[in-house]
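# Residue-level structural notes
Here is how the chains run, residue by residue.
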Amino acid sequence: MAKKRILITGAAGFLGSHLCDRFIKEGFDVVAMDNLITGRLTNIEHLFPLKEFTFYNHDITKFIHVAGPLDYILHFASPASPIDYLKIPIQTLKVGSLGTHNVLGLAKSKNARILVASTSEVYGDPTVHPQTEEYWGNVNPIGPRGVYDEAKRFQEAITMAYHRYHGLETRIIRIFNTYGPRMRLNDGRVLPAFIGQALRGEDLTVFGKGNQTRSFCYVDDLIQGIYLLLMSDYAYPVNIGNPDEITILQFAEEIIKLTGANQKIIYEDLPVDDPMQRQPDITKARSILGWEPKVDRAEGLKITYQYFQSLSKEELYNKEHNNFDQFISK
Ligand code: UDP
């Protein structure tokens, strides 16, 4: 049987790079694409010697050309951390809208099945708890997070339109906070922020009172969920996340304990429209995919901490871990 061929957009990012590893391991030919705004080649350089792996440095908001057949597409290109999409709001909107349109057009022309990465952010600051896929959300379209939330909501809408109008095989995953090795230390998200602060001997910055909640999923569990959803025949959105919910203050205390750093907690302003609570209802993932998370927070945090400990001093103190400047028009 011919080898299956898969395109992964956002392949040099945190999740994209783990997906490259997984699909190489499953015996696929992997075509990886990234424009390296927030992705990093170090996440995938170990795959470069493999003949099953090809990398294209390309901005998917421009026409995408891929020679040869494609069986599957995983669309994971997007800035995903709040400070990233605050810094590059237009690019965030463009990749979720124009980028998704191009990727769907490519899927249609190749007759490929496509899975798009959506997010718990489509629920905004939710008034339903835990969040089920049937909940339509509570999003502020003109707030600072609107550029990401609305791009992802548009992405879901256009994906369903391609499914309904063109009969394209589509899958939509709604990803809840995920963590693990290869997160960018300075991407602003709470876990790398806290671990980076602990490693540098700085105080941990809790935003607001720290009574807002999140539910953190270890990356291996998420990747398994993506694999199962791609191989399923279910076209509607599915939440994938770990329902184990915790306040941000408790999370800071856990990180202090884990790192053995005697750091203090300091309080800073809560960002605008920061969701107060977030927990996935994973009934659908359980019943449709037979999926549930296996790695508990203690275990996942230990592995992730080891990864951050292995980074060089230069990386630990480099506050600008991105390539924004070359993309931001002055
Ligand atoms: N947060 C915090 N201190 C930090 C970074 C984030 O208290 O240094 C909080 C943030 O306000 C939010 C939560 O941690 O309530 C998770 O933030 P993150 O940026 O990781 O992602 P989000 O879930 O908001 O998309």
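Residues numbered from 1 in each chain as written. Predicted model: local features only at pLDDT ≥ 70, side-chain atom pairs only at ≥ 80, totals over all residues. Heavy atoms only, no water.

Below, the discussion takes up the overall build of the protein chain. Along the protein chain, the regular secondary structure elements total 10 helices and 13 strands. Considering only C-alpha atoms, the protein chain reaches an extent of 55 × 45 × 45 Å along its principal axes. Of all 330 residues assigned to the protein chain, the portion counted as buried reaches 56%. The long-range share in the protein chain, meaning contacts at least 24 apart out of those at least 6 apart in sequence, stands at 82%. Side-chain charges of the protein chain comprise 36 positive and 39 negative groups, with the mean position of each set lying 4 Å from the other. (Helix = DSSP H or I, 4+ residues; strand = E, 2+ residues; numbered from the N terminus. Buried < 20%, exposed > 50% of the residue type's maximum accessible area, 1.4 Å probe, protein only. Contact = heavy atoms within 4.5 Å. Lys, Arg positive; Asp, Glu negative; His and termini not counted. Charge placed at Lys NZ, Arg CZ, Asp CG, Glu CD.)

The next thing to look at is the pairing of strand β6 (residues 170-175). Of all the 6 residues making up β6, 6 are buried; the element is thus mostly covered by neighbouring parts of the structure. Residues of β6 alternate between two faces, with T170, I172 and R174 on one and R171, I173 and I175 on the opposite face, all of them buried. Two elements, strand β5 (residues 113-119) and β6, share 6 bridges in a ladder whose sense is parallel. Its bridge partner being in β6, A117 is matched across the sheet by I173. Note that β6 and strand β11 (residues 238-240) share 3 bridges and pair parallel. Bridging from a neighbouring strand, I173 pairs with V238 of β11. (Pairing = 2+ DSSP bridges.)

What follows deals with the side chain of T259. One can find T259 in helix α7 (residues 248-259). Of the polar contacts made by the side chain of T259, one reaches the backbone oxygen of I256; its length is 3.4 Å. Residue contacts for T259: discarding those within four places in its chain leaves A198 and Y305. (Polar contact = N/O pair within 3.5 Å; in protein donor to acceptor, adjacent residues only side chain to side chain.)

Contact geometry for helix α5 (residues 190-200) and helix α9 (residues 297-309): axes closest at 11 Å, N-to-C directions at 55°. Of the possible angle classes, the one that applies to α5 and α9 is oblique. Between α5 and α9 lies a crossing of right-handed hand. Contacts between α5 and α9 involve L191, P192, I195 and L199 on the former and, on the latter, L301, T304, Y305, F308 and Q309. (Axes fitted to C-alpha atoms, helices over the stretch in contact; angles between N-to-C directions. Parallel < 35°, antiparallel > 145°, perpendicular 65-115°, else oblique. Left-handed = near helix turned anticlockwise from the far one by under 90°.)

Attention shifts here to α5. Within α5, 9 of the 11 residues are buried, leaving the element largely enclosed by the surrounding structure. Buried within α5 we find L191, P192, A193, F194, I195, G196, Q197, A198 and R200. Tucked into the core, α5 has its buried residues touching β7 (178-179), β8 (204-207), α7, α9 and α10 (313-317). Remark: G201 follows α5 within two positions and exhibits a positive phi of approximately 75°.

Below, the discussion takes up the site of the ligand. For the ligand, the set of nearby residues contains 18 residues, the closest of which are V190, T205, F207, R214 and D274. Contact between the ligand and T205: a nitrogen atom at 2.5 Å from a main-chain N or O atom of the residue. Contact with the protein chains covers 95% of the free accessible surface of the ligand, which is 520 Å². Those elements that provide at least two residues to the shell around the ligand are α5 and β8. Along the lines of polarity and charge, the residues of the shell around the ligand split into 8 nonpolar, 4 polar and 6 charged. (Near = heavy atom within 4 Å. Areas by Shrake-Rupley, 256 points an atom, 1.4 Å probe, with all protein chains shown as cover. Nonpolar A, V, L, I, M, F, W, Y, C, P; charged D, E, K, R; others polar.)

This next bit is on the packing of aromatic side chains. Throughout the structure, instances matching the rule amount to 13 aromatic pairs. Between the aromatic rings of F23 and F28, the centroid separation amounts to 5.0 Å while the plane-to-plane angle is 85°, which identifies the pairing as edge-to-face. You'll find F23 and F28 in the same group, each marked buried. Ring geometry for Y123 against F176: centres 6.1 Å apart, planes inclined by 40°, an arrangement best described as tilted. Of this pair, Y123 sits in the loop between β5 and α4 (146-166) while F176 sits in the loop between β6 and β7, placing them 53 residues apart in sequence. There is no split in this pair, since Y123 and F176 are both buried. The lysine or arginine in question, R22, covers the ring of Y227, its NZ or CZ lying 4.4 Å from the ring centre. (Phe/Tyr/Trp six-rings, centres within 6.5 Å; stacked < 30°, edge-to-face > 60°. Lys NZ or Arg CZ within 6 Å of the ring centre and 35° of its normal.)

If you walk across this open sheet you meet the 7 strands as β3-β2-β1-β4-β5-β6-β11, and the pairing is parallel. Edge positions in the open sheet fall to β3 (53-57) and β11, since each of these has one partner strand only. Strand after strand, the sheet turns through a mean of 20° between neighbouring axes, direction not considered. Here α4 sits on the sheet and contacts β4 (72-75), β5 and β6; the angle it forms with β5, its principal contact strand, is near 155°.

Caution applies to low-pLDDT parts of the model: their predicted coordinates are not meant to be read in detail. Confidence in the prediction for the protein chain averages 95 pLDDT; 96% of positions are at 70 or higher. When pLDDT is averaged over each element of the protein chain, β4 comes out on top at 99 and α10 at the bottom at 89. (pLDDT = per-residue confidence, 0-100.)

Over its 12 residues, α7 extends 16 Å from the first C-alpha to the last, a length consistent with the 16 Å expected when each residue adds 1.5 Å. Listing the buried residues of α7 in full gives I248, F251, A252, I255, I256 and T259. Down the axis of α7, the sector holding all buried residues measures 140°, keeping them to one side. G260 sits one or two positions beyond α7 and adopts a positive phi of about 65°. (Expected span 1.5 Å × (residues − 1). Arc of directions from axis to C-beta.)

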